[in-house]
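# Observations on the model geometry
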Amino acid sequence: MSFPALSPVARLRGSAPDWLRDPAVWRTEVLAGLVVALALIPEAISFSVIAGVDPAIGLFASFTMAVTIAIVGGRRAMISAATGAVALVIAPVNREHGFGYLVATVILAGVLQIVLGALGVARLMRFVPRAVMVGFVNSLAILIFMAQLPELTHVPWPVYPLLAAGLALMVFLPRLTSVVPAPLVSIVVLTVVTLAAGIAVPTVGDKGDLPSALPTPGLPDVPFTLDTLTTIAPYALAMALVGLMESLMTAQLVDDLTDTRSSKTRESVGQGVANIVTGFFGGMGGCAMIGQTMINVKVSGARTRLSTFLAGAFLMVLCVVFGPVVSDIPMAALVAVMVMVSFATFDWHSIAPRTLRRLPAGEIAVMAVTVVCVVATHNLAVGVVVGSLTAMAVFARRVATVARVTSVVDPDGGTVVYRVVGELFFASANDLAARFDYAGDPDRVVVDLSAAHVWDASSVAALDAVGERYARRGKSVEIAGLNEASARLHERLSDAVPAGR
């Protein structure tokens, strides 16, 4: 039995995912991309100022990053563009060596990100505790809000009622309809009002000139020598690590928000590819943007790569084709959007009195340390690293007190059995040797480890030290009950590491 051949269009329709055939999803994704593109413009210009480059460089970077990561990235609906963290890392390169070296740094950072992704650096995300994630989210919300404060100081008084009107629209409009994203309505309404009434307030155009043409590819204007490589390598490595950390943390956050999983390895490699493309187009590089991602995912409801791709595409269209119109958008409208994002991003449940009363003090300390470090340094990567180290210290301190030692003397008085319960590692094993009565115990001593686990060389050395102390008094020690893994470790390391005294 034969079937008629399907046309290419029919085959495409048959193989396309469900969301491509759903007009409601298309509407959501397209409008979300437009909102993100509008919000990207002033931020990209601001990050260009931080990096010490022309505003067009930041806008080009946001365009190429968003479009490329939409194709090669692992996390759907996540927005990548020029960011403040990357701008801070590469600013010294531009200041001390020139723009050509900055572009070369971006390309090398992309290569390093691909290498790190292939080596499995994304798997390190499993070691980031939830308390650090909560602190990361809360500090992000604080930074987003703080970034808006310069737009609200020393400005004409109409800025404040415009801000209030924008917030009111975004709060109450979703209760009436969700067909059009409230942030987009707010931006359009406030722009029309200011233009129609002739209200003089700061606008997007005041941030800098928008580009009038698309970027063109090219090689960085640097000598291709070993000296150039050694000059840019430290900055490239720093940019690669900061960019990956922020991107992977953002991907994990979106995973939690959408109850979906994403490939962190693919995201790591994708970030590298996007930075390489951005570098060859003369951009300043970037990584995932948490604030814009929250606009896209949490505020606008986007869930696919289409919104990410369109955010970059719309950005260039708005700049190149509708530059004069976009320049007239009041900054108050975009500030209102970002304030709303800040409020929605903050995990208010984490600071509720009921939550704080139930959480262990160590968990609260980890969250607080993460937030303080991020806010103090304006660097999310620093906060995550310090918060994770604090969490490890808290965990080690907690586990160190778990190991317990009890002793029972046989009725005949010739043997004493010490029962060790808990985890033995460098922290808990340090004072293990002090738990035994070397002088008062009988000639035969049994150390029962059936309820313990030996994790490292420090624990093996501590057990050897116990045996040596008894041996000096002419007493024998038997270590019993080791599970298979602990027995293998003890057999391999016993007498191979110096015993404690």
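Because the structure is a prediction, the values reported are computed rather than measured.

Within the protein chain, the secondary structure is distributed over 19 helices and 6 strands. Dimensions of the protein chain, computed from the C-alpha atoms along their principal axes, are close to 100 × 75 × 55 Å. Restricting the contact set of the protein chain to residue pairs at least 6 apart, pairs at least 24 apart contribute 84%. By element, 65% of the accessible surface of the protein chain is carried by carbon and sulfur atoms, the whole surface being about 23,300 Å². For the protein chain, the centre of its 34 positive side-chain charges and the centre of its 34 negative side-chain charges are spaced 7 Å apart.

Turning our attention to the pairing of strand 3 (residues 404-409). Judged from the 6 bridges that link them, strand 3 and strand 4 (residues 415-424) form a sheet pairing that is antiparallel. In the strand pairing of strand 4, Arg404 is matched with Val421. From the end of strand 3 to the start of strand 4, which pair antiparallel, there are 5 residues, and Gly413 there has a positive phi angle of about 75°.

Contact pair helix 4 (residues 84-97) / helix 5 (residues 99-118): the axes reach a minimum separation of 7 Å and the direction vectors enclose 150°. Considering how the two elements wind past one another, helix 4 and helix 5 form a crossing that is right-handed. Here Ile90, Val93, Asn94 and His97 of helix 4 come into contact with helix 5, specifically with Phe99, Tyr101, Leu102 and Thr105. Tallied by class, the residues present in the contact of helix 4 with helix 5 amount to 5 nonpolar, 3 polar and no charged.

In this structure, the largest pocket occupies an estimated 830 Å³ of space. What lines the largest pocket is a set of 31 residues, among which Glu43, Phe47, Gly84, Leu143 and Ala147 lie closest to the centre. Sorting the residues of the lining of the largest pocket by element identifies helix 2 (23-51), helix 4, helix 6 (130-148), helix 11 (290-299) and helix 14 (331-345) as the ones contributing at least two each. Classifying every residue of the lining of the largest pocket by side-chain character gives 20 nonpolar, 7 polar and 4 charged. Put simply, the parts of the chain that give the lining of the second largest pocket at least two residues each are helix 9 (226-258) and helix 17 (380-400). Taken together, the residues of the lining of the second largest pocket break down into 17 nonpolar, 1 polar and no charged.

Our focus in this paragraph is the side chain of Lys475. By the element assignment, Lys475 lies in the loop between helix 18 (457-471) and strand 6 (476-480). For the buried Lys475, no salt bridge exists, and the shortest N-O distance to an oppositely charged side chain is 5.4 Å, to Asp443. Side-chain polar atoms of Lys475 contact the backbone oxygen of Asp441, separated by 2.6 Å.

All right, on to the sheet that holds strand 6 then. With respect to topology, 4 strands assemble into an open sheet ordered 3-4-5-6, the strand pairing being mixed. If you trace the sheet from one side to the other, it starts and ends with strand 3 and strand 6, each paired once. Sheet twist, expressed as the mean angle between neighbouring strand axes with direction ignored, is 20°. Looking at chain direction, strand 4 and strand 5 (residues 444-454) are connected through 9 bridges and run parallel. Counted as the bridge partner of Thr415 is Arg444 from strand 5. The strands touched by helix 18 are strand 4, strand 5 and strand 6; relative to strand 5, the strand with the most contacts, the crossing angle is about 175°.

Take the packing of aromatic side chains next. A full pass over the atoms with the stated rule returns 6 aromatic pairs. Plain terms: the ring middles of Phe436 and Tyr470 are 6.3 Å apart, the flat faces sit at 90° to each other, and that makes the pair edge-to-face. You can see Phe436 sitting in the loop between strand 4 and strand 5 and its partner Tyr470 sitting in helix 18, a full 34 residues away along the chain. We classify Tyr470 as buried; its relative accessible area is 0%. A connected cluster of aromatic rings, assembled from ring pairs, spans Tyr418, Phe436, Tyr438 and Tyr470.

Rules behind the numbers
Residues numbered from 1 in each chain as written. Predicted model: local features only at pLDDT ≥ 70, side-chain atom pairs only at ≥ 80, totals over all residues. Heavy atoms only, no water. Helix = DSSP H or I, 4+ residues; strand = E, 2+ residues; numbered from the N terminus. Contact = heavy atoms within 4.5 Å. Areas by Shrake-Rupley, 256 points an atom, 1.4 Å probe, with all protein chains shown as cover. Lys, Arg positive; Asp, Glu negative; His and termini not counted. Charge placed at Lys NZ, Arg CZ, Asp CG, Glu CD. Pairing = 2+ DSSP bridges. Axes fitted to C-alpha atoms, helices over the stretch in contact; angles between N-to-C directions. Left-handed = near helix turned anticlockwise from the far one by under 90°. Nonpolar A, V, L, I, M, F, W, Y, C, P; charged D, E, K, R; others polar. 1 Å grid on protein atoms, 1.4 Å probe; cavity = no way out; pocket = protein on both sides within 12 Å on 5 of 7 lines; lining within 4 Å. Points joined across faces, edges and corners; volume = space filled by probe spheres on them. Buried < 20%, exposed > 50% of the residue type's maximum accessible area, 1.4 Å probe, protein only. Salt bridge = Lys/Arg side-chain N within 4 Å of Asp/Glu carboxyl O. Polar contact = N/O pair within 3.5 Å; in protein donor to acceptor, adjacent residues only side chain to side chain. Phe/Tyr/Trp six-rings, centres within 6.5 Å; stacked < 30°, edge-to-face > 60°.

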